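Chain by chain, the residues:
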Amino acid sequence: MVYLDYAANTPVNEEVLSAFCQVARQYQGNANSRHEEGWAAKAEMERLTVAVAALLGVKPSEIIFTSGATEANNTAIKGIAKAMQGVGKHILSTPLEHSSVTGCLQALQKQGYEVEYLSLQADGKINLHDLETKLRNDTVLVAVCAVDSELGTIQPLAEIAAVLQNYPNCHLHVDATQAVGKVAFPLQGIDTMSFAPHKFYGLCGSGILFKRKNVELVPLLEGGASTTSYRSGTPALALAAGTETALRLAVESRHNWWEIVVQRHTLLRQQLSHYPKVHINSPIHGSPYILNLSVAGVRGQNFQSLLNEFGICVSVKSACSSDGQPSQAVLALTHDYWNALSSWRLSLSHLTTEAQVQEFLVAFAKCYKKLTTQ
Amino acid sequence: MRESMSDKTALIAMSGGVDSSVTALLLQEQGFTCEGATMRLYRNEDIGVCQYHTCCSARDIDDAADVAFKLHILYKVLDYTAAFKNEVIAKFVRIYEQGGTPNPCIDCNRFMKFRNLWEVAQKSQLNYVATGHYARIEFDREQGLYVLKKGIDASKDQSYVLYMLTQEQMAHTLFPLGGLTKKEVREIAAQHGLVNAHKHDSQDICFVPGGDYGKFLEEYTGKTYAKGDFLDIHGKIVGQHKGAVRYTIGQRKKLGIALGKPVYVCGKDMVKNTVRVGDEESLLSEVLVATEVNWLAGKAPTRAEEVWARTRYKQQEQAAVVYPIGNDSFRLEFAKPQRAVAPGQAVVLYRGDVVVAGGTIAQVLR
């Protein structure tokens, strides 16, 4: 089996798992309880929060633990929109966002918010001029992914933040799910940022929302005071421990991982480009962790299924959306409906060996031959 | 075919099956610009199937998307889960609970396909809605009316479930398979390598997998239908039933009563929760009253007419005389007594191959 779907989920790191187990065994109290066990749990929660904040270079009070990136995106987008509704209801985003962002935007549209999508340049970056044109005094939010999950485009966050400086009412939310631990970016000018450690060898069921001090947002959940008023629920101490460990390892190893992944990506891109019917959709200067391609005339789903029969795991669009629709991200970048329907994604890890890349290439050659000569 | 088809554009209802796939193919060959759509009618959770169970509807969508890709036609999935719940499933449940035998396929055609899909087609500036039904729509120049006819393949004819079509709907509806047999359709699919050429025909009611509608009703409503008495035609208790909704008029099997001779369900009293059983003769009736009637020509005839009638999907037509009652109902008198005519089911009237009218059986008189 060759797993090339690391952008969907990664295997949990042993150290993360031990941290989780150790904390889960050690603390029985609720961090909100006023007794010895509660205080012990609270102290540990604080220690973990401080550690996570330090790894990100932010303040501990700016960290909100969530159940995942989906909840973090929902909390930030809906929360800011609601808090700012007296000021404006205009939101800008991109066609590259994950469904946990677009889903929020569609829900807000139904509530009377106006959502506009920014156009892309040929390299997949948003057109800054278009951003400047579309920004208004009642624009309250710009939601952009740092790295998009389908193509791996890297967005110019510093430039976007600079443009937004002239719009004090407008917040910048960054979905950094495919960036943290992989692609560095400055936090300056970013109001909220979401990510989930299961994308870098942490555990599912946990996520982080960074919310800059002074940014107002209305929480999603009511009741049950917690470590922060922005997210209720008993603090998930063991998950927080797993998150802290995963993040620490990712920060420590980011450069080494990057070097390995760039090599694998380069080899794949080179080899796949030799096929006349292959179109590489991922931009050249995108994240090396993601390689999106289309084989002309073959539906992405069909290529993926056949690869699966050869023991290769890749994915079509983001995981588990079977609606027969082309990838909006690929469509927005390539402007070709049929190419978008043919697209699928390889996503890599430092765990991907060169031998696995070769095994994939052998299987790819067989699938290509079978599916393009029918 | 139609008078003029100056603007040959169609929205095809694609289910992922052989029929709708060949429909798309044939229209394309006839020079139509086509778009395809699959209606998502229910979710697994709604019909009591685990979400992670590979849902037949997700697989169908995948098949339909595949055919659309192969034929190079634009394709989308339309979410009608809310409408389907309100207009089809809710009515299905209500009629069973009232003691009737519902026909949800007819409501689905009426509301989902020929109303909702037509709205979508219009929004996309497409002039026709096309489906893979085995029936024909023709234009009668003399009368200046559209007529609905049976499909050529008698064993597949679906005109029975299409009686609700209005003149306006027929003007923009296409049934390209009406002139073909199922065998021919399968051959066409195979020749063109459509993935689903050998897929089985859909069976039962799509949202009641396995066909156990009693179980479906209980899971859907959360109710437990109380046990009660089986009565014979004289009102004597002859056994225990497992909830009156579970029995259908004419049913003989799985009654669990032994009277030394075959007995059939011949009536239900939902208020008293009793199910009446009797011999074959007690199933017979000669007269029915139908409501929610559609006269395909647009209005009822002014006097009684001789017709041929079906009270079930796959039934040989029976000679009868129809007495219109206004435009919306009629009384039908059969030449010979009919077996197991069930309230809630559709009655469809024919003259030769032509569908004259149809409606819902409201009352059965002996």
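Per chain, residue numbering runs from 1 following the sequence as it is written. For this description, chains carry letters from A and ligands carry numbers from 1, given in the order in which they are written. For this predicted model, a pLDDT threshold of at least 70 governs which residues receive local features, and a threshold of 80 or more governs which side-chain atom pairs are given and counted, while totals over whole chains, interfaces and linings are taken from all residues.

(A) Broad picture of the pairing of strand β7 (residues 192–195) of chain A. All names here are of chain A. Think of it as a crowd count around each C-beta: if 20 or more other C-beta atoms lie within 10 Å the residue is buried, if 12 or fewer it is exposed, and in between it is partly exposed, with C-beta placed from the backbone throughout. Helix numbering and strand numbering both begin at the N terminus, where a helix is a DSSP run of H or I of at least 4 residues and a strand a DSSP run of E of at least 2. Residues Thr-192 and Ser-194 of β7 are buried on one face, and the alternating residues Met-193 and Phe-195, pointing to the opposite face, are buried as well. Here 3 bridges tie strand β6 (residues 171–175) to β7, and the two strands are oriented parallel to one another. Its bridge partner lying in β7, Asp-175 is registered against Ser-194. A pair of strands is considered paired only if DSSP assigns at least 2 bridges between the two.

(B) Examining unusual backbone geometry more closely. Residue and element names in this part refer to chain B. One non-glycine residue, Gln-125, adopts positive backbone phi at about 55°. By the secondary structure assignment, Gln-125 is in the loop between α4 (104–123) and β4 (128–130). Positive phi, close to 60°, is recorded for Lys-254, a residue that is not glycine. For Lys-254, the location among the structural elements is in the loop between β9 (237–241) and β10 (264–269).

(C) Molecular detail of the pairing of strand β2 (residues 33–40) of chain B. All names here are of chain B. Among the 8 residues that make up β2, 6 are buried, leaving the element largely enclosed by the rest of the structure. By convention, a crossover is right-handed whenever its connection, traced from the first strand over the helix to the second and viewed with the strands pointing away, goes clockwise. As for the winding sense of the linkage, the β-α-β connection from strand β1 (residues 9–13) through helix α1 (residues 18–29) to β2 is right-handed. Pairing of β2 with strand β3 (residues 74–79) involves 6 bridges; the strand directions are parallel. Paired with Met-39 across the two strands is Leu-78, which belongs to β3.

(D) Broad picture of the packing of helix α3 (residues 81–97) of chain B against α4(B). All names here are of chain B. It is the contact of α3 with α4, at a shortest axis distance of 9 Å, that shows an interaxial angle of 160°. When the axis of α3 is compared with that of α4, the two are roughly antiparallel. Crossing hand, α3 versus α4: right-handed. Judged by residue contacts, Ala-83, Phe-84, Glu-87, Val-88, Lys-91 and Phe-92 of α3 engage Pro-104, Asp-107, Cys-108, Phe-111, Met-112 and Asn-116 from α4. Residues are grouped as follows: Ala, Val, Leu, Ile, Met, Phe, Trp, Tyr, Cys and Pro are nonpolar; Asp, Glu, Lys and Arg are charged; every other residue, Gly included, is polar. Residues that form the contact of α3 with α4 fall into these classes: 8 nonpolar, 1 polar and 3 charged. Helix axes are fitted to C-alpha atoms over the stretch in contact, other axes to C-alpha atoms as well, and angles between N-to-C directions run from 0 to 180 degrees. Angle categories: roughly parallel below 35 degrees, roughly antiparallel above 145, roughly perpendicular from 65 to 115, and oblique for all the rest. Crossing handedness is read from the near helix: turned anticlockwise from the far helix by less than a right angle, it gives a left-handed crossing, and turned clockwise, a right-handed one. In this description, any two residues whose backbone-derived C-beta atoms lie within 7 Å of each other are considered to be in contact.

(E) Inspection of the nonpolar core at higher detail. Ranked by size, the top nonpolar core spans 205 residues in total, and within it Leu237(A) and Ala10(B) carry the most contacts. Excluding residues that lie within four positions of it along the chain, Leu237(A) makes contacts with Val23(A), Tyr27(A), Ala31(A), Ala41(A), Glu44(A) and Met45(A). Each nonpolar core comprises buried Ala, Val, Leu, Ile, Met, Phe, Trp, Tyr and Cys residues, the members being joined through C-beta atoms within 7 Å.

(F) Expanded view of the interface of chain B and chain A. Contacts between the two partners involve 11 residues from chain B, matched on the other side by 7 residues from chain A. At the level of elements, α2 (56–71) and β3 of chain B are the ones that each hand at least two residues to the side of chain B that touches chain A. With 7 residues, α2(B) is the single largest residue contributor to the side of chain B that touches chain A.

(G) Local environment of the environment of Glu259(A). As for its placement among the helices and strands, Glu259(A) is situated in helix α7 (residues 237–273). A sequence separation of 190 residues divides Glu259(A) from Ala69(A), and the C-alpha atoms of the two residues are 26 Å apart.

(H) Inspection of the environment of Ile190(A) at higher detail. Residues and elements named next belong to chain A. Considering the arrangement of structural elements, one finds Ile-190 in the loop between β6 and β7. Judged by C-beta crowding, with 24 C-beta atoms within 10 Å, Ile-190 ranks as buried. Remark: the alpha-carbon pair of Ile-190 and Val-174, spanning 16 residues in sequence, is separated by 7.0 Å. For Ile-190, the contacting residues outside a window of four places in its chain are Leu-157, Ala-161, Leu-172 and Val-174.

(I) Quick peek at the domain arrangement of chain B. In terms of domain boundaries, chain B breaks down into domain 1 (9–210), domain 2 (225–278) and domain 3 (284–365). A separation of 27 Å is found between the C-alpha centroids of domain 2 of chain B and domain 3 of chain B. Domain start and stop positions are those given by an automatic or database domain assignment.

(J) Inspection of helix α6 (residues 157–164) of chain A at higher detail. All names here are of chain A. Turning to α6, its buried residues are Leu-157, Ile-160, Ala-161 and Leu-164. Seen end-on, α6 carries its buried residues on one side only, within an arc spanning 100°. In this structure, the buried residues of α6 make contact with α5 (128–134), β5 (139–145) and β6. The reported arc concerns the directions from the helix axis to the C-beta atoms and nothing else.

(K) The sheet that holds β1(B), seen in detail. All names here are of chain B. Read across the sheet, 5 strands follow the order β3-β2-β1-β4-β7 without closing on themselves; strand pairing throughout is parallel. In this open sheet, the two strands that pair with only one neighbour each are β3 and β7 (173–174). As paired elements, β1 and β4 share 3 bridges and run parallel to each other. Residue Leu-11 lies in a different strand from β4, and its bridge partner there is Val-129.

(L) Summary view of the packing of α1(B) against helix α6 (residues 182–191) of chain B. Residues and elements named next belong to chain B. In contact at an axis separation of 9 Å, α1 and α6 are set at 70° when each is read in the N-to-C sense. It follows that α1 is roughly perpendicular to α6 by the angle criterion. Of the two elements, α1 crosses α6, and the hand of that crossing is left-handed. Counted together, Val-18, Asp-19, Ser-21, Val-22 and Leu-25 of α1 and Val-185, Arg-186, Ile-188 and Ala-189 of α6 form the full contact between these two elements. Counted by class, the contact of α1 with α6 contains 6 nonpolar, 1 polar and 2 charged residues.

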